[in-house]
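Geometric and topological summary
What follows is each chain in one-letter form.
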Amino acid sequence: MPTLPRRLLDARPSWSGHPLLAAFLVSTLSLWSCSQTPPASIAAPANPGDATASIRFDGLAYRGGVVAVANPNGAEAGAEILRRGGNAVDAAVAIAYALNVVEPQSAGIGGGGFMMIHRAATGDTVIVDSRETAPAAATPDLFVGVPEPSRQGVAVGVPGMVRGTDLALHRYGTRSLARVLEPAIRLAEGGFAATPDFLANTNCNNPNSRALNSPAVAEYFCPGGKAREPGSWVTNPSLAHTLRLIAQHGADCFYRLLPDTGCDIALGIVTGQRFSRELPLAGVPTPGKGGGMTLADLEAYQPVVRAPIEGRYRGYRIQAMPPPSSGGLTVLQILGMLERFPLGDTGAGFGFGAPQTLNVMADAMRLAFADRAVWMGDADFVPVPSRGLLAPAYLAPRAALLQPGVRAPDAVVVAADPRPFEVPGTAPGTRLPVADPVTGPEKGTTHFSVIDPWGNWVSYTNTIEAAYGIGVFAAYQDASGEGRDFGFLLNNELTDFNLAPSINPYTAGPGYNDIAPGKRPRSSMSPLMLFTPDGQPLAAYGSPGGPTIISAVLNVTLNLIDHRMTPQQAIDAPRLSASSTSGYVLLEPAFPQEVLEAMSDLGYNLVPGVVGAVQAVLFDPETGHQYGAADGRREGTVIGLP
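Residues numbered from 1 in each chain as written. Predicted model: local features only at pLDDT ≥ 70, side-chain atom pairs only at ≥ 80, totals over all residues. Heavy atoms only, no water.

Concerning the overall build of the protein
Which entries qualify depends on this criterion: Secondary structure elements are defined from DSSP: runs of H or I of at least 4 residues count as helices, runs of E of at least 2 residues count as strands, and each element is numbered from the N terminus. Here the globule rule is a power law, 2.2 Å times the number of residues to the power 0.38, and the radius of gyration is based on C-alpha atoms. Whether a residue is buried, partly exposed or exposed follows from its accessible area with a 1.4 Å probe, protein chains only, as a fraction of its type maximum: under 20%, in between, or over 50%, in that order. Throughout, a contact is declared for two residues whenever any of their heavy atoms are within 4.5 Å. Here the open area of atoms and residues is found with the Shrake-Rupley method and a 1.4 Å probe, where only the protein chains shown may cover a residue. Positive charge is attributed to Lys and Arg, negative charge to Asp and Glu, and no charge count is given to His or to the chain ends. The location of each charge is read from NZ of Lys, CZ of Arg, CG of Asp or CD of Glu.
What the protein contains, in helices and strands, is 20 helices and 22 strands. Against the globule reference of 26 Å for 642 residues, the protein gives a C-alpha radius of gyration of 23 Å, in line with a compact fold. Split into buried and exposed, the 642 residues of the protein put 61% on the buried side. Taking all contacts inside the protein whose residues are at least 6 apart in sequence as the whole, residues at least 24 apart take part in 74%. Accessible surface computed for the protein: about 21,500 Å², of which carbon and sulfur atoms make up 57%. Taken as two groups, the 44 positive and 55 negative side-chain charges of the protein have centres that lie 2 Å from each other.

Shown next, in the form of structure tokens:
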């Protein structure tokens, strides 16, 4: 970072000493940009998107920095760091740890994520990859014969968030890890008011709830076997102690067993992931399976700094997450296939929410997800043909399969071979008749975005995979039988790998997303940044939601560029998602009934549901104003500094 003044003008008081008041005031003053119920329809301007027209901005404008977060307490943590002169990276790390306290079911130090950082001083974008890795004992058949693997310790990957955030601060931040941990420690120790989202998926009366998977977690989320009431006070002194250890001794305190300093978190992680539970498999009670992670696996973990993949859509530059995420490649593939259609042109039948628009969107998603299943994985282990998958000559025949008014038959929605477009002269292969591999669910994720006064940006998606991870805290018992609980949930990230050994239908070799020691599982997380044709940053956004992350990010991108919506309109508008090769399409219920009927008539099997929860920050190059837009599908909160 260059030497720049740290002075910020801020009309807001600091409420950090009064958590209840903070939660009320932040949600009251900062949720101006949210709509709890997305509108049924938004009128689209007549002209389709092109690079000659700029993004439309409205709402409150700022210059001192903006945070857009899925939780008001998390937003306040980031805003506090900006007020005190920290940059976007400092604020993002503070948000990440605060969300571990107030949104523990979605993300935290027991998991990992992708932090995309755009630096004003250099004009470049980097990504800190803190995705979890498979332990050394992992094998491709790890889950074979295991009942409900996502609830067993065998699903736990080596957590990456702590080392990832520590690296980000050292290279790109201006504050210490101890400093940015302060808001999270206060929240864990002093408490916060339980929000509807904190309570939403607990299901205290459902014995199959992952929140009830182990006694300690069940007691925390459902004390005395009863659901907490909205607004009830929640503390987590065990997590506060854990965060204090990390603040005092640094990231190594999380990854190494250092008894002389009191750093025993690693022992809690290794012990916790040995958890197993008998559950039904094909209707038969079957023993569970614990994990094989060791202290050596933890100590060896390292985050990776990556360059984004880049593409263009209607002239706009897009930077997105590369492998091990499938998010960036899949979003850019879909955009590449859709560019030949006049999306946004109401007169041509391609206005927002029009059946033709949704038809080509759904089939482009289906085709891209077919490629995703076969060709995407951890590029440190397998030769992901990223260049070939995005080559115009590869995408052109794929796009030709999209016919407005006709649903693409399942038989043609299969992966093609991009390798000849990756390495010229490579002969295309013949697809073998094998089934596409299957992965588990992905739902426990959060996203937030930050811009600071100096023009640094962060788009950060963080996760523990399914909601509540495996439903087990990092913990152990000492020699005397006394329990030691560290207050954070362990991920079940390894179920993002193929659940059984698979075959790549073109290479006849192992599936690209099969498990291997040290490998990162394929992700759908899609932190993204949008730039003008000449490279000025316009927006940073992303979403939670498992495979629907890709769809949510795509929908917002099309809304901004093609449908000429303002940022908040683009986020509020109802969304479509097709995250498999079948004809199943998830449509949010705010679409008009006649649209649902038209899609059904085309042969799509419609499923109602929610598609992601996008949080965005934006910049208007013409005025120098900063904006935020937050998603009411979760407790989206924008805080901007004057």
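Picking up where we left off.
Description of the packing of aromatic side chains
Stated precisely, the cut-off is as follows: Any Phe, Tyr or Trp ring, taking Trp's six-membered ring, that has another such ring centre within 6.5 Å forms a pair; planes under 30 degrees apart are called stacked, those over 60 apart edge-to-face, and the others tilted. Lysine and arginine charges are scored as sitting over a ring when NZ or CZ, respectively, is within 6 Å of the ring centre and within 35 degrees of the ring normal.
On inspection of all chains with the given rule, the structure shows 16 aromatic pairs. Aromatic side chains Trp375 and Tyr512 sit 5.7 Å apart centroid to centroid with 85 degrees between the ring planes, which places their arrangement in the edge-to-face category. Of the two residues, Trp375 sits in helix α14 (residues 355-375) while Tyr512 sits in the loop between β14 (483-489) and β15 (528-531), which places them 137 residues apart along the sequence. Under the relative-accessibility criterion, Trp375 is labelled buried at 0%. Here Tyr512 falls in the buried class, since its relative accessible area comes to 7%. Ring-pair connections join several aromatic residues into one group, and the members of that group are Phe192, Phe198, Tyr220, Phe221, Tyr468 and Phe473. The ring of Tyr220 carries the charged tip of Arg228 above its face, separated from the ring centre by 5.3 Å.

Here's the deal with empty space enclosed by the protein
What counts, and what does not: Each cavity reported here is a set of points on a 1 Å grid over the protein atoms alone in which a 1.4 Å probe fits but cannot get out, each pocket an open set with protein on both sides within 12 Å along at least five of seven lines, and each lining residue one with an atom within 4 Å of a point. Grid points are joined across faces, edges and corners, and a volume is the space filled by probe spheres set on the points.
A full pass over the atoms with the stated rule returns 3 cavities of 30 Å³ or more. Taken as a whole, the largest cavity holds about 60 Å³ of empty space. Lining of the largest cavity is provided by Phe352, Gly353, Thr357, Leu358, Met361, Asn555, Leu558, Asn559, His563, Pro574 and Phe591. Secondary-structure elements contributing two or more residues to the lining of the largest cavity are α14 and α18 (548-561).

Regarding the sheet that holds strand β22 (residues 637-640)
Across a sheet, strands are paired by hydrogen bonds formed along the backbone, either parallel or antiparallel in direction. Worth spelling out the cut-off: One bridge is not enough; two strands pair if DSSP finds at least two bridges between them. The axes are straight lines fitted to the C-alpha atoms, using for helices just the contacting stretch, and the angles between their N-to-C directions are given from 0 to 180°.
Spatially, β8-β3-β2-β12-β11-β1-β22 is the arrangement adopted by the 7 strands of the open sheet, whose pairing is antiparallel. With partners counted over all chains shown, the strands left at the sheet margins are β8 (304-306) and β22, one partner each. Between one strand and the next, the sheet's axes are offset by a mean angle of 15 degrees, whatever the strand orientation. Examined bridge by bridge, strand β3 (residues 125-129) and β8 share 3 bridges and lie antiparallel to one another. Bridge pairing in β8 links Ile127 to Arg306. Lying on the sheet, helix α4 (residues 161-172) is in contact with β2 (112-118), β3, β8 and β12 (457-465); it crosses β3 at an angle near 150 degrees.

Concerning the pattern of salt bridges
We count it as follows: Definition used for salt bridges: Asp or Glu carboxyl oxygen within 4 Å of a side-chain nitrogen of Lys or Arg.
Tallying each qualifying case throughout the model produces 31 salt bridges. Put simply, Asp496 and Arg131 hold a salt bridge, and the shortest N to O gap is 2.7 Å. One end of the pair, Asp496, is in the loop between β14 and β15; the other, Arg131, is in the loop between β3 and α4, and 365 residues separate them in sequence. Taken individually, Asp496 and Arg131 each receive the classification buried, so the pair is uniform in this respect. Arg244 is paired through a salt bridge with Glu189; the nearest N and O atoms lie 2.5 Å apart. Taken together, the residues Arg244 in helix α9 (residues 237-249) and Glu189 in helix α6 (residues 182-190) connect sequence positions 55 residues apart. Residue Arg244 is classed as partly exposed on the basis of its relative accessible area, which comes to 40%. Via salt bridges that share partners, Glu80, Arg84, Arg179, Glu182 and Arg186 belong to a single interconnected network.

So, α6
Within α6 the residues assigned to the buried category are Pro183, Ala184, Ile185, Leu187 and Ala188. Buried residues along α6 sit against α2 (72-83), α3 (88-102), α5 (177-180), β4 (192-193), β5 (233-234) and α9. A positive phi of about 100 degrees marks Gly191, the residue just after α6.

Regarding the confidence of the model for the protein
As a reminder of what qualifies: The predictor reports its confidence for every residue as pLDDT, a score running from 0 up to 100.
Overall, the prediction assigns the protein a mean pLDDT of 91, with 91% of residues at 70 or greater. Low pLDDT (under 50) marks residues 1-49, which in the prediction has 114 contacts with non-local residues, meaning those over four places away or in another chain.

A word on the environment of Arg228
Here is the rule: Here a polar contact means two N or O atoms within 3.5 Å. Within protein one must be a hydrogen donor candidate and the other an acceptor candidate, and residues neighboring in sequence count only if both atoms are side-chain atoms.
For Arg228, the location among the structural elements is in the loop between α8 (215-221) and β5. Relative accessible area serves as the criterion here: at 18%, Arg228 is assigned to the buried category. Spatially, the C-alpha atom of Arg228 lies 47 Å from that of Ala121, the residues being 107 residues apart in sequence. Those residues in contact with Arg228 that sit more than four places away from it in its chain are Phe198, Leu199, Tyr220, Phe221, Pro223, Trp233 and Val234. Polar contacts involving the side chain of Arg228 include one to the main-chain carbonyl oxygen of Tyr220, which spans 2.6 Å.

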